[in-house]
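Okay, here's what each chain looks like letter by letter:
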Amino acid sequence: MPQHRITQAIRIRTERTEEKEHSSPLFLTSSFCFDDAEEMRAAFADETDANIYSRFSNPSVQEFVDRMCALEGAEAGFATASGMSAIVASFLSFLKKGDHLLSCSSIFGSTHTIITKYLPKFGIEYTYVPAGDQQQWEAAIRPNTKMLYLETPTNPGLDIIDLEAAGKLARKHNLIFNVDNCFATPIGQLPIQYGADLVVHSATKWLDGQGRVLGGVVVGKKELVHEVYLFCRSTGPSLSPFNAWILSRSLETLDVRMERHSSNAAYIAEKLEKHPAISFLRYPFLPSHPQHAIAKKQMLNGGGILCFELKGGLAAGRKFLDSLKMLSKTANLGDTRSIASHPASTTHAKLSPEERAAVNITPGLIRISVGLEHKDDILNDILQALQ
Ligand SMILES: *Cc1c(COP(=O)(O)O)cnc(C)c1O
């Protein structure tokens, strides 16, 4: 019986043990036993898919991966200890000295550091193109361009990049198309439908959804994921079985959680948009968003993040954070509890004002990760802080 991907994310599980447990057990073991020398030889020779060692594979990790593959519509996947290790693995499994990576300037801060500081150490070049400009994307492609790496919606500015156009460009120039789908989650956006070869996630955010564990995953085409597996099997950024077990349980509620995060965020965005203390507010599903049409085309919901610019700039941004009574002031996002952050004085404080402007981080920008509290409690806390 074919099942919907949402059902699969709930029902896919490790094989039951003799105890016939209903919920999946946690396989907290670093290695696995063999009955005899021949069974062990065959496993090491890749003639069977028996588990050997948890750096390579583990049933609790595999359950999480299988559920993610079902959700993203992917052939295969490999789970990592954090979102960053998933991103690094997706780069280093394919890029070599002399290769060129094409990406966008408004990407996650640590990804920016990998691309601009570490990849060049290995002779891997890069070009950043502004989010909106499709023509510039094509013009920046060189004979040695190997990968197109994108994030949409971007963090924290919520730029939307056209996945369909990017997918076509990648096909035309034979590039590996790699998408960070952390902000939208597979409930909100399916990059593989638009031609993504690889999709990477920080499972730390919405996938966990309760701010408990770090994790990451790379899913996509089987032959590409096999390369990621070989890279991780040797270098060791593999996800811990305990974290995988937590994350796998979380996927059972991802669909209902994202529905509420998104409807709460849409409600708050609409109520705040015309507030006199705010010069602009961005939410992908508001008609005022500059790339609203693209968002509507490729996103299944508007997501749980919104951002707005305070007219009072940097000082107002800090004052706003200090005036909040309920919203958490923390670096994470994608939690049951709503979170506010002020990138210009925190995550992006080390950039120059020009660098911040280039990635759409204005002095008074506030990013809200909308939680699962009652929508009016979230709204009222923001309103009193704006006051
Ligand atoms: C948080 C985040 C990452 C990094 O994930 P970690 O799990 O913190 O390593 C990557 N991309 C985006 C868009 C993120 O928000």
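Undergrad: Can you break down the sheet that holds strand 6 (residues 198-202) residue by residue, with the values?
TA: In space, the seven strands of this open sheet follow the order 1-7-6-5-4-2-3, with mixed pairing throughout. For this open sheet the edge positions go to strand 1 (76-80) and strand 3 (125-129), each flanked by a neighbour on one side alone. Strand-to-strand, the axes of this sheet are offset by a mean angle of 20°, without reference to chain direction. Bridge count for strand 2 (residues 100-104) against strand 3 is five bridges, and the pairing is parallel. Each residue of the ladder has a partner; that of Leu 102, found in strand 3, is Thr 127. Sitting on the sheet, helix 3 (residues 59-72) touches strand 1, strand 6 and strand 7 (216-220), and the angle it makes with strand 1 is about 130°. Relative to strand 3, helix 5 (residues 109-118) is tilted by about 135°, and along the sheet it contacts strand 2, strand 3 and strand 4 (145-151).

Undergrad: Now, about the domain arrangement of the protein: what can you tell me, with residues and values included?
TA: By the assigned domains, the protein splits into domain 1 (5-251) and domain 2 (254-386). Using C-alpha coordinates to define each centre, domain 1 is positioned 27 Å away from domain 2. Contact with domain 1, which involves 36 residues of that partner, is made by 36 residues of domain 2. Of the roughly 3,000 Å² buried at the junction of domain 1 and domain 2 (both faces included), carbon and sulfur atoms supply 59%. Three residues, Pro 156, Ile 160 and Trp 206, lead the burial of domain 1 against domain 2; their summed loss comes to 26% of the area buried on that side. Residue Arg 282 pairs with Asp 159 through a salt bridge whose shortest N-O separation is 2.9 Å. Our count for the domain 1 to domain 2 interface comes out at 19 residue pairs in polar contact (both at pLDDT 80 or more). Of all the secondary structure elements, the ones that give two or more residues to the side of domain 1 that touches domain 2 are helix 1 (5-11), helix 7 (163-172), helix 8 (185-188) and helix 10 (241-251).

Undergrad: Describe the side chain of His 201, with residues and values.
TA: Locating His 201 in the fold gives a position in strand 6. His 201 gets classed as buried once you look at its relative accessible area, which sits at 1%. A polar contact of 2.6 Å, which involves the side chain of His 201, links it to the side chain of Glu 72. Among all residues touching His 201, those that are not within four sequence positions of it are Met 68, Glu 72, Gly 83, Ala 86, Asn 181, Cys 182, Thr 185, Pro 186, Leu 207, Gly 215, Gly 216 and Val 217.

Undergrad: So what's going on with the nonpolar core? Residues and values would help.
TA: Within the largest apolar cluster, 80 residues are counted, with the highest numbers of intra-cluster contacts made by Phe 64, Phe 91, Trp 137, Leu 148 and Phe 177. At six residues, helix 3 tops the list of elements feeding residues into this core. Residue assignment places this core across two domains, with domain 1 (5-251) and domain 2 (254-386) each supplying three or more. Of all hydrophobic cores here, the second largest spans 24 residues; its members include Ile 268, Leu 321, Ile 366 and Leu 386.

Undergrad: Before we move on, could you go through the packing of helix 11 (residues 254-272) against helix 15 (residues 375-386) and cite the residues and values that matter?
TA: Relative to each other, helix 11 and helix 15 sit at 35°, their axes nearing to 10 Å. Helix 11 and helix 15 meet at a crossing whose hand is right-handed. Across the interface between the two elements, Asn 264, Tyr 267, Ile 268, Lys 271 and Leu 272 of helix 11 pack against Lys 375, Asp 376, Ile 378, Leu 379, Ile 382, Leu 383 and Leu 386 of helix 15. A class-by-class count of the residues in the contact of helix 11 with helix 15 yields eight nonpolar, one polar and three charged.

Undergrad: Break down the site of the ligand for me, citing the residues and quoting the values.
TA: Near the ligand you find 14 residues, and of these Gly 83, Asp 180, Ser 202, Thr 204 and Lys 205 are the closest. In the model, an oxygen atom of the ligand is placed 2.7 Å from a nitrogen or oxygen of the Lys 205 side chain. Calculation on the ligand without its partners gives an accessible area of 380 Å², and the protein chains cover 92% of this total. The greatest single-element share of the shell around the ligand, amounting to three residues, is contributed by helix 4 (residues 83-92).

Cut-offs and rules
- Residues numbered from 1 in each chain as written.
- Predicted model: local features only at pLDDT ≥ 70, side-chain atom pairs only at ≥ 80, totals over all residues.
- Heavy atoms only, no water.
- Pairing = 2+ DSSP bridges.
- Helix = DSSP H or I, 4+ residues; strand = E, 2+ residues; numbered from the N terminus.
- Axes fitted to C-alpha atoms, helices over the stretch in contact; angles between N-to-C directions.
- Contact = heavy atoms within 4.5 Å.
- Domains from an automatic or database assignment.
- Buried area = accessible area lost by both parts, 1.4 Å probe.
- Salt bridge = Lys/Arg side-chain N within 4 Å of Asp/Glu carboxyl O.
- Polar contact = N/O pair within 3.5 Å; in protein donor to acceptor, adjacent residues only side chain to side chain.
- Buried < 20%, exposed > 50% of the residue type's maximum accessible area, 1.4 Å probe, protein only.
- Core = buried A, V, L, I, M, F, W, Y, C linked by side-chain atoms within 4.5 Å.
- Left-handed = near helix turned anticlockwise from the far one by under 90°.
- Nonpolar A, V, L, I, M, F, W, Y, C, P; charged D, E, K, R; others polar.
- Near = heavy atom within 4 Å.
- Areas by Shrake-Rupley, 256 points an atom, 1.4 Å probe, with all protein chains shown as cover.

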